[in-house]
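In case you want the letters, here they are:
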Amino acid sequence: MPHNSDHPKHSAAEGGEWHQRSDKAHPTLTTQQGVPIADDQNSLRAGARGPGLLEDQVLREKLFHFDHERIPERVVHARGVGFHGYFENYKNQSELTKADLFQRPGEQTPVFVRFSTVAGNKGSVDVPRDARGFATKFYTQQGNWDLVGNNIPVFFIQDAMKFPDLVHAVKEAPDRGFPQAQSAHDNFWDFVSLMPESTHMLMWVMSDRAIPRSPRFMEGFGVHSFRFVNARGESHFVKFHWKPKQGLQSVVWNEAVKINGADPDFHRRDMWDAIQRGDYPEWELGVQIFDDAFAEEFEFDILDPTKLIPEEQVPVTPLGKMVLNRVVDNFFAETEQVAFCTQNIVPGMDHSNDPLLQGRNFSYLDTQTKRLGGPNFTHIPINAPKCPMHHFQQDGHMAMTNPGGRANYEPNSWDDNPGPRENPEHGFESYPEKISGTKVRERSPTFADHYSQAWQFYVSQTETEQNHIADAFVFELSKVEREDIRIRMVAHLLNVDDALAGKVADGLGLEALPKAATAAVVPRKDLPVSDALSILKNGPSSFAGRKLGVFVSEGTDAKIFDALKAAAEHEGAVLAVIAPAIGGVTDSSGRKISANEKIDGGPSVLFDAVALLPGDKDIQKLASHSPVRDFICDAFAHCKFIGYNTAAETLLKSAGLADSKDDGCLKIDSKEDSCSRFIERCRDLRYWPREDAVNKV
Ligand code: HDE
């Protein structure tokens, strides 16, 4: 054993050449105190094999800081991803609101948006069945405005009092700590089946809206009614809408289950990749505008967050567009520390009396204090306004921008640096709504209809979407162990739609239909169909921004591959190469095609459409390789468009699909337009007529 003093500190064999570099790109490592560090590999000890020394401030500081790296995750919406961008205002809206960001055409306001799931913990998967958060911070010149919305325009409950119960019920059970990031369990369905006001929202979360393809393809909604107020003090109600320029798109349930295994980061990766390649996602921000007279005559209460106003009844007026064009520099500093608060509104806006919104206005500020450790979270750059701020608030944990000067109160009579004063002309003013009432704990009777809009949502869907809703109810309720809960849920569905309730009861194997639940108000069946509520009626009619997975192998036809690549690029689609090995393949021209994925790491669930372009070599061996078979079978079962060459017929045969090829399966050959025809077909995103055939038991 070498003697201590002869032993070199660390040798090249230990990686010394990597950790001791000194140049511009590798500045000297320091402690938090700025003290240069000589050795970041070894703690201080009494002899090479002796005990550690307590005096080792370098080790202690490093471990101390590491021990405190985590902050409490969000109590809901813990898993999320954020991006920077801007909002560009279309035109002067001063008749509607004096909000500064809506005054000047073409003006850009910086934004930060965080998309999230609701129920799962921070490390959960991206594509569970769940509502999605869509929270936007606008850094306006008159302060920060936070529009903290979801991808669904209604909510489960009508009163903030029930939010902790709802969240307890959906998140993991307290005794066992599971199930995580899913609603398919007894506690969730027990709660919602005892809360008929959830029925409308349940229709949405059982629809494909709850399994979006990516945040890029989701709508967003402010949910509550808010107020816009103009300079004359006149007010209109508004409901906020985000409409993706990319069109709406979701995945199917079986696909979601597999995506979560293949790529738990599917959504955040998709957003990151799109922005990094310059394919910036865009949404149009619009408002439904209505006045007190409309609020009076509308069938439902505009303060009830379990109701929406159909767009056909009050169209969405576009205000501007949002472009997300920059990824974060650091996930923790920005995405984790961003703190949205519904109370953050700017002059020209006001809250409504929606009892859910009123509760939220307390909860968000309160939760940030816990999560970010004190009242100064607005000093963190991601939360700090980008306009001037002047106030007398001071001190507290981590205070970084205390106001200067002697005066820290107002009024004061210091001439030198007296500090800021209020401004009745431009300052925030609440809309002087007349309020009178008796102090009560009471739900308004105008909130009592829990089923009519659930029916309206259902009948506004295409048949494919209706089937998915029924399947989702059957899947989720089949995970519920208590039969009485399943039956109670079917009893509610009987108030929504008989056919839906019948399908769900059949799927659950119920012997007889229960009696419909008692409804406080007779459900209506005369509401008009609203096409805006369907995803499939609002698809993109383009394959741009979508991903084509192309399977290649040794000897793949170079000309066809190039033609397909050109057609995909012409459409604005992204092409990913999947090969038997990550090193890629040599095509028919002797050129190397490098692979993005090895076949078992790049299953077809990760792509919007697939093309099978193998070479003839080893085709029999590939045909019996199960990842190849799964790739094809899943693409077929998920109703994807499949392009295939002659050699691929052997693969289709071994996948059992030789005789099942339909109009969603397109031959790709050396004919000039066969590649562009295939890409054009992909614009429909899925070949739904296949679904019955693959799903029938
Ligand atoms: Fe939230 N919600 N919420 N919520 N919510 C939170 O705030 C709350 C509700 C929404 O990316 C929490 O910072 C109550 C509706 C989003 O950081 C918390 C009620 C809608 C996000 C909270 C609701 C939302 C949150 C947890 C019922 C759609 C993520 C951490 C009265 C309009 C924001 C945090 C982000 C987050 C409370 C209902 C959207 C605890 C009490 C309805 C997008 O404050």
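Residues numbered from 1 in each chain as written. Predicted model: local features only at pLDDT ≥ 70, side-chain atom pairs only at ≥ 80, totals over all residues. Heavy atoms only, no water.

**Side note on the packing of aromatic side chains**
Our working definition: Centres within 6.5 Å make a pair out of two Phe, Tyr or Trp rings, where for Trp the six-membered ring is used; the pair is then stacked when the planes are under 30 degrees apart, edge-to-face when over 60, and tilted otherwise. Secondary structure elements are defined from DSSP: runs of H or I of at least 4 residues count as helices, runs of E of at least 2 residues count as strands, and each element is numbered from the N terminus. Each residue is assigned to one of three classes by its accessible area relative to the maximum for its type, calculated with a 1.4 Å probe on protein chains only: buried under 20%, partly exposed between the two thresholds, exposed over 50%.
With the rule as written, the count across this model stands at 27 aromatic pairs. On the numbers, 5.7 Å between centres and 90° between planes, the contact of Phe 87 with Phe 102 is edge-to-face. Here Phe 102 lies in the loop between β1 (80-89) and β2 (108-117) and Phe 87 lies in strand β1, a separation of 15 residues in the sequence. With respect to burial, Phe 87 and Phe 102 carry one shared label: buried. Judged by centre distance (5.7 Å) and plane angle (55°), the rings of Phe 102 and Phe 228 are tilted.

**Let's talk about the site of the ligand**
For clarity, the cut-off: A molecule or strand has a residue near it when one of that residue's heavy atoms lies within 4 Å. Nitrogen and oxygen atoms within 3.5 Å of one another constitute a polar contact, given that in protein one can donate a hydrogen and the other can accept it, and given that sequence-neighbouring residues count only through two side-chain atoms. Residue type decides the class: Asp, Glu, Lys and Arg count as charged, Ala, Val, Leu, Ile, Met, Phe, Trp, Tyr, Cys and Pro as nonpolar, and the leftover types, Gly among them, as polar.
For the ligand, the set of nearby residues contains 22 residues, the closest of which are Arg 74, Arg 114, Arg 360, Tyr 364 and Gln 368. In the model, an oxygen atom of the ligand is placed 2.7 Å from a nitrogen or oxygen of the Arg 74 side chain. Within the side chain of Arg 360, a nitrogen or oxygen atom sits 3.4 Å from a nitrogen atom of the ligand. Top contributing element to the shell around the ligand by residue count: helix α10 (residues 355-372), with 6 residues. Classifying every residue of the shell around the ligand by side-chain character gives 11 nonpolar, 8 polar and 3 charged.

**Let's talk about the side chain of Ser 116**
Put simply, the rule reads: Note on definitions: a residue-residue contact is assigned when non-hydrogen atoms from the two residues lie within 4.5 Å.
Examined against the element boundaries, Ser 116 turns out to sit in strand β2. According to the relative accessible area criterion, Ser 116 is buried, its value standing at 7%. Contacts of Ser 116, omitting those with residues within four sequence positions, involve His 77, Arg 79, Gly 80, Ala 131, Arg 132 and Gly 133.

**Side note on the domain arrangement of the protein**
Let me state the cut-off plainly: Segmentation of the chain into domains, including their bounds, is taken from an automatic or database domain assignment. The term buried area means the drop in 1.4 Å probe accessible area that two parts suffer when joined, counted for both and summed.
For the protein, the assigned domains read domain 1 (44-379), domain 2 (446-536) and domain 3 (541-696). Just the C-alpha atoms count here: the centres of domain 1 and domain 3 sit 36 Å apart. Domain 1 puts 18 residues into the contact, and the matching count from domain 3 is 16 residues. Summing the contributions of domain 1 and of domain 3, the shared interface buries around 1,300 Å²; its carbon and sulfur component is 48%. Summed over the three residues of domain 1 that lose the most area to domain 3, namely Gln 249, Val 252 and Glu 255, the buried surface amounts to 36% of that side.

**Points about the environment of Leu 508**
Along the chain, Leu 508 falls in helix α14 (residues 498-508). Setting aside residues no more than four positions away along its own chain, Leu 508 makes contact with Val 474, Leu 477, Ser 478, Arg 486 and Val 490.

**Notes on empty space enclosed by the protein**
Quick reminder of the rule: Cavities and pockets were defined on a 1 Å grid built from protein atoms only: a cavity is a group of points that admits a 1.4 Å probe but offers it no way out, a pocket is an open group of points flanked by protein on both sides within 12 Å along at least five of seven lines, and a lining residue is one with an atom within 4 Å of any such point. Grid points are joined across faces, edges and corners, and a volume is the space filled by probe spheres set on the points.
For the coordinates displayed, the defined rule picks out 6 cavities of 30 Å³ or more. Taken as a whole, the largest cavity holds about 140 Å³ of empty space. At 3 residues, the largest contribution of residues to the lining of the largest cavity is made by strand β7 (residues 235-244). When residues of the lining of the largest cavity are assigned to domains, at least three map to each of domain 1 (44-379) and domain 2 (446-536). As for the second largest cavity, its lining consists of Arg 79, Gly 80, Val 81, Phe 115, Ser 116, Thr 117, Asp 126, Arg 132, Pro 215, Met 218, His 267 and Arg 268. The set of elements that each furnish at least two residues to the lining of the second largest cavity consists of β1, β2 and α7 (266-276). Considering each element in turn, the lining of the second largest cavity owes the most residues, 3 residues, to β2.

**Here we look at the coordination of the iron atom of the ligand**
Rules: Donor atoms: N, O and S within 2.8 Å of the metal, or within 3.2 Å for Na, K and Ca. Because water is excluded, sites can look incomplete.
Of the protein atoms, Tyr 364 (OH) alone serves as a donor to the iron atom of the ligand, at 1.8 Å. One can find Tyr 364 in helix α10.

**Some thoughts on the environment of Thr 556**
Within the secondary structure, Thr 556 sits in the loop between β11 (547-552) and α15 (558-571). The class of Thr 556 is buried, set by a relative accessible area of 0%. At 2.9 Å, the side chain of Thr 556 forms a polar contact with the backbone oxygen of Ser 553.

**Notes on the pattern of salt bridges**
Note the following rule: A side-chain nitrogen of Lys or Arg and a carboxyl oxygen of Asp or Glu constitute a salt bridge if their distance falls within 4 Å.
Counted by the stated rule, this structure contains 41 salt bridges. Across the pair Arg 216 and Asp 279 runs a salt bridge, and its minimum N-O distance is 3.8 Å. One end of the pair, Arg 216, is in the loop between α5 (199-205) and β5 (220-221); the other, Asp 279, is in the loop between α7 and β8 (282-290), and 63 residues separate them in sequence. With relative accessibility at 27%, the residue Asp 279 sits in the partly exposed group. The closest approach of N and O atoms between Arg 683 and Glu 571, which form a salt bridge, is 2.8 Å. In this pair, Arg 683 sits in the loop between α19 (674-682) and α20 (691-695) while Glu 571 sits in helix α15, placing the two residues 112 residues apart along the sequence. Taking the relative accessible area as the measure of exposure, Arg 683 reaches 31% and is therefore partly exposed. Residues joined by salt bridges that share partners form a network here, namely Arg 213, Arg 216, Asp 270, Arg 277, Asp 279 and Asp 608.

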